[in-house]
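# Summary of structural features
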Amino acid sequence: MKKSIASILMIAAFGMLANATTIDTSKAQTTWTAYKTTDKVAVSGTFDNIQYKFGKKNNSISTTLEGATATIDPMKVNLHDDVKNKNVKDFFFSQFKKGGIKVTFKNVMEGKDQGTILAMVKMNEKNVKVPMQYTIKDGKFIATGVLDIMEFALNDAFKKLALGCHDLHEGVTWSQVTITFSAPIKN
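Residues numbered from 1 in each chain as written. Predicted model: local features only at pLDDT ≥ 70, side-chain atom pairs only at ≥ 80, totals over all residues. Heavy atoms only, no water.

## Comments concerning the overall build of the protein chain
What counts, and what does not: The helix count covers DSSP runs of H or I at least four residues long, the strand count covers runs of E at least two residues long, and both are numbered beginning at the N terminus. For each residue, the accessible area found with a 1.4 Å probe, counting protein chains only, is set against the maximum for its type, and the residue is called buried under 20%, exposed over 50%, and partly exposed in between. By the convention used here, residues are in contact when the closest approach between their heavy atoms is within 4.5 Å. In short, Shrake-Rupley with a 1.4 Å probe defines the accessible areas, and a residue's cover is counted only from the protein chains shown.
Of the regular secondary structure elements, the protein chain holds 4 helices and 11 strands. When the 187 residues of the protein chain are sorted by exposure, 40% land in the buried category. Partitioning the intrachain contacts of the protein chain with sequence separation of at least 6 by distance along the chain shows that 62% fall at a separation of at least 24. Carbon and sulfur atoms form 55% of the exposed surface of the protein chain, whose accessible area is close to 11200 Å².

Below, the structure is given as structure tokens:
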């Protein structure tokens, strides 16, 4: 009888693991959205060649993302527009102290089709905690959070960007940037 109960529990546990939801790390994407003009017009982009490292276990969202990192070269910014790329590189990212951008996920809380992540963002030699919320909908995992450029001691770089793009931004450049991490879901 004990063997039968143990067998049933093992089969149930295996079934739960087999149906566990996780993400397809091979298709992970990171994007960001900055804002300009008084109407807060979105300007979105990404970075080419982001280096991701995920958790060793890939049997749930939390085990995949806990401690995961993204290492980014800010000079490989990609706004799908050569003029915008040049402006952001010249006026903003070239002003950074040494090093690129590194994001580490911590405190991943996994709920039913939603959860939270604490993104530890290191940029311009400053570390800032950025809370992110995620949802799972239509087979896609999407986590978003908002960071403020001023928290990274980038006041001078931000002023150069705002001044360099003054006319294009109609005199208004917002310091908040929405960051997004997404990937397809797999069971």
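## Comments concerning the packing of aromatic side chains
Defined as follows: Under the pairing criterion, centres of Phe, Tyr and Trp rings, with the six-membered ring standing for Trp, must be within 6.5 Å; the plane angle then separates stacked pairs below 30 degrees from edge-to-face pairs above 60, leaving the rest tilted.
According to the stated counting rule, one finds 11 aromatic pairs in the structure shown. Here the aromatic rings of phenylalanine 92 and phenylalanine 96 are separated by 5.5 Å at their centres, their planes lie at 75 degrees, and the arrangement is edge-to-face. Phenylalanine 96 matches phenylalanine 92 in its accessibility class, with the two residues each being buried. Look at phenylalanine 141 and phenylalanine 181: their rings are 6.1 Å apart centre to centre, the planes differ by 75 degrees, and that puts the pair in the edge-to-face class. Note that phenylalanine 141 is positioned in strand E10 (residues 140-148) and phenylalanine 181 in strand E11 (residues 176-186), a separation of 40 residues in sequence. Phenylalanine 181 matches phenylalanine 141 in its accessibility class, with the two residues each being buried.

## Focus: the pattern of salt bridges
Filter applied, for reference: Put simply, a salt bridge is a Lys or Arg side-chain nitrogen that is within 4 Å of an Asp or Glu carboxyl oxygen.
Counted according to the given criterion, the structure contains 2 salt bridges. A salt bridge links aspartate 90 to lysine 86; the nearest nitrogen and oxygen atoms lie 2.4 Å apart. Pair noted here: aspartate 90 and lysine 86 are both in helix H3 (residues 82-91), with a separation of 4 residues, about one helical turn. Here lysine 112 and aspartate 113 are joined by a salt bridge, their closest N and O atoms 3.9 Å apart.

## Here we look at H3
The criterion, for reference: Directions drawn from the helix axis to the C-beta atoms are what define this arc. Under this definition, polar contacts are N or O atom pairs within 3.5 Å; protein pairs additionally need one hydrogen-donor-capable and one acceptor-capable atom, and for neighbouring residues in sequence, both atoms have to be side-chain atoms.
Those residues of H3 that fall on the buried side of the exposure criterion are Asn85, Asn87 and Val88. Summarising the axial view, the buried residues of H3 lie within an arc of 165 degrees, below the 170-degree limit, and thus occupy one face. Opposite the buried face of H3, by more than 90 degrees, sit the exposed residues Asp82 and Val83. Contact partners of the buried residues in H3: strand E6 (77-78) and helix H4 (155-164). Capping the start of H3 is the job of one residue whose side-chain oxygen sits 2.9 Å from the backbone nitrogen of valine 83: aspartate 81.

Shape descriptors only; they carry no functional weight alone.
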